[in-house]
Structure formats: structure tokens, C-alpha cells
Amino acid sequence: MIEFWNPYALLDGRRRRLLGVGSVLALLLVWSLVAASGLVSPTKLPAPWDVVAALAYLSWHEGDSMLLTATLWSVGRLLVAGVLVIAIGIPIGIVMGAAPRVNAALSPLVDPFRSAPVVALLPILVMWLGIGETMKIAFLFIGAVVYLIPMVRDAIQAVPQSYWIGARDLGATPWECIYRAVIPMAMPRIADAVIVAFSVMWTYITVAEYVNARQGLGQLIQNARRFSAWDQVFAGIIVIIALALVTYQFMVWLKRRLYPWETQQ
């Protein structure tokens, strides 16, 4: 108990897994008890076993897997938007972090959107881009890039100035100092920013697919809600959460492989 309130104490992997699994099992137990007691209507809180049955139905019914098709569509949209976010957001963030004048010029255009509700832009995107795939990808892109750019900028600015000075002393040009000294030191934090950007896109995927999506997890949830199939709604939500966690864990693993010297929490 001495180490209970020590934020620097490290838990071994086995204990961390036990605590994580225990919390999930406790939540499932409470959910099951509440559903079985009848205190909450099944139309508001379906039982876990009903959600499992809905998952099985969506996974395979009459030779078709609605869940697989919807998942592939959602993952595809997220990957396209993610490539655009990385290709555009990281260079802009690096330039803002490396050039104070550029940062001063662009910060008023970028920083407010981190606090603004991006969902409010959806009607404008529909008006400009229609209701097709371009609008959905653009919405995911905007929702993520407004977080990625400032985080990349902050990662560049967080690198100690001594690295830039050391490179200059060795005869490097200012841009070479950024390219060869500052950016490599900032890459682990930039990787964290990319992880956050993909997590944000998963939170927006249902909103993007509410508007005229023929396929997708958001469309699946929306259709289930229209028919009051709340077990399928919960099943879709659980799948999105699971996919977001898998994406997060994969990207954290990839970061550890690329930057093994970075201290992991």
C-alpha cells in the first residue's frame, strides 16, 4: 500500500492485465445484474447475452456478414483520411514548430478548432462536397488534423534548443538543424500525435456515416436505431470501441518498435 499513491511505481505486466480484465468483468457483472433485475427496460439497456446474439446475427446471417461489410467500409474511410492527415498535418506542424513566423500566422487559424465542435462543420461540408464519400473523408480529415497539427508543432518546440545549437556549431544550415537534429528527437512525440489523430477519427466515424452512407458501422447503428433494435446498436458500438482499441494497441506497438529507446508508460 505504500506504493499505492506513487505515480512513478511500475506495475508488472501480469498485475496490470489482471486489473484490466477484472475491471471489464466487473462491468459485465453489473450490466448483467441490472439487465436481469428488470430495473431498466430492455429498450434502454439490452442484456449482454442479447448483445452477443446480435453480434452473432450481424456477423453471419443467411450467407451474409453485415458486420464485416460495415467494418471494411469504415476502416477503409478511416485509412484514406488517416493517410491524408499524416501527409498534410505532419509537414504543416513541423513548419509551424520550426518557423516562429509561420506559427504566428497559422496558429489563429488552427488552434481555435481544437476547442470548436467539428461536428458543426458537417452541414457546411454537405453543402460544399455533397453527401458522398468525399464529404465523409473530408469530415474525418478535418476532425483529426486540427489535433495533429498543434501536437506536431508542440513536439518540435519541446525539443531542447541544445540539439539545434549543437548542429549549428557543427556547421549545419538552419534547415539541416531542423531536419537532422530536431525532427528525429521529436519523432516519438509526433508518433503519439498520430495515435491521437486516429483515435479521434474513430470517435467521429459514426457521425461521418450518419449522412447517406450505404455501408459502414455508423450506418449500421443508425439503421438499427430506426427499428429500435437496441441490441444491434450496442453491438455496433462495442465493435467500434474494439476496433479503436486494436488500432491504438497496434500503433503503440509500432511506435515501440520504431523508437525502442522511448520510455513507455
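Peer 1: Got a minute to help me understand the packing of helix α1 (residues 13-37) against helix α2 (residues 48-59) in this structure?
Peer 2: A pair of packed helices is captured by two measures, namely the crossing angle of their axes and the spacing between those axes. Axis separation between α1 and α2 bottoms out at 8 Å; the angle between their running directions is 105°. In terms of axis orientation, α1 runs roughly perpendicular to α2. In this structure, α1 uses Leu28, Trp31, Ser32, Ala35 and Ala36 to contact α2, whose residues at the interface are Pro48, Trp49 and Val51. Class assignment for the residues of the contact of α1 with α2 results in seven nonpolar, one polar and no charged.

Peer 1: Would you mind going over the environment of Ile240 with me for this structure?
Peer 2: In this structure, Ile240 sits in helix α10 (residues 230-258). You can call Ile240 buried: its relative accessible area is 9%. Sequence separation between Ile240 and Ile137 is 103 residues, and the spatial gap between their C-alpha atoms is 17 Å.

Peer 1: Honestly, the packing of aromatic side chains in this entry has me stumped. Any pointers?
Peer 2: One pair of aromatic rings is described through two measures. These are the centre distance and the angle between the planes. Scanning the entire structure with this criterion turns up four aromatic pairs. Aromatic side chains Trp31 and Phe234 sit 6.1 Å apart centroid to centroid with 35° between the ring planes, which places their arrangement in the tilted category. Linking Trp31 in helix α1 with Phe234 in helix α10, this pair joins segments that are 203 residues apart in sequence. Among the residues examined, Trp31 registers a relative accessible area of 16% and is labelled buried. Taking the relative accessible area as the measure of exposure, Phe234 reaches 22% and is therefore partly exposed. Between Phe139 and Tyr204 the ring centres are 5.5 Å apart and the planes differ by 70°, which places this aromatic pair in the edge-to-face class. Taken together, the residues span a long stretch of sequence, with Phe139 in helix α6 (residues 133-157) and Tyr204 in helix α8 (residues 174-209) at a distance of 65 residues. Accessibility classification places Phe139 together with Tyr204 in one group, the buried group.

Peer 1: I would appreciate a short explanation of the nonpolar core in the present structure.
Peer 2: Proteins that are soluble and globular tend to have nonpolar side chains buried together. Ranked by internal contacts, the top residues of the largest apolar core, which has 57 residues, are Val85, Leu148 and Met201. Secondary structure elements with two or more residues in this core: α2, α3 (66-98), α5 (122-129), α6, α8, α9 (217-226) and α10. No other element matches the 16 residues that α8 contributes to this core. Each residue touching Val85, except ones within four places of it in the same chain, is listed here: Ile90, Phe141, Ala144, Val145, Leu148, Ala197 and Met201.

Peer 1: Sorry if this is basic, but what is going on with α2 here?
Peer 2: Because the α-helix completes a turn every 3.6 residues, residues three or four places apart line up on one side. Taking 1.5 Å of rise per residue, the 12 residues of α2 would be expected to cover 16 Å, and the 16 Å separating its terminal C-alpha atoms lies within 8% of that figure. Of all the residues in α2, the buried ones are Pro48, Val51, Ala54 and Leu58. Relative to the axis of α2, the buried residues are bounded by an arc of 115° and lie together on one face. Among the structural elements, α1, α3, α9 and α10 are those in contact with the buried residues of α2.

Peer 1: Would you explain the side chain of Thr71 in this entry?
Peer 2: Here Thr71 shows up in helix α3. Leaving out residues up to four positions away in the same chain, Thr71 has contacts with Leu217, Val239 and Leu243.

Rules used in this analysis
- Residues numbered from 1 in each chain as written.
- Predicted model: local features only at pLDDT ≥ 70, side-chain atom pairs only at ≥ 80, totals over all residues.
- Heavy atoms only, no water.
- Axes fitted to C-alpha atoms, helices over the stretch in contact; angles between N-to-C directions.
- Helix = DSSP H or I, 4+ residues; strand = E, 2+ residues; numbered from the N terminus.
- Parallel < 35°, antiparallel > 145°, perpendicular 65-115°, else oblique.
- Contact = heavy atoms within 4.5 Å.
- Nonpolar A, V, L, I, M, F, W, Y, C, P; charged D, E, K, R; others polar.
- Buried < 20%, exposed > 50% of the residue type's maximum accessible area, 1.4 Å probe, protein only.
- Phe/Tyr/Trp six-rings, centres within 6.5 Å; stacked < 30°, edge-to-face > 60°.
- Core = buried A, V, L, I, M, F, W, Y, C linked by side-chain atoms within 4.5 Å.
- Expected span 1.5 Å × (residues − 1).
- Arc of directions from axis to C-beta.

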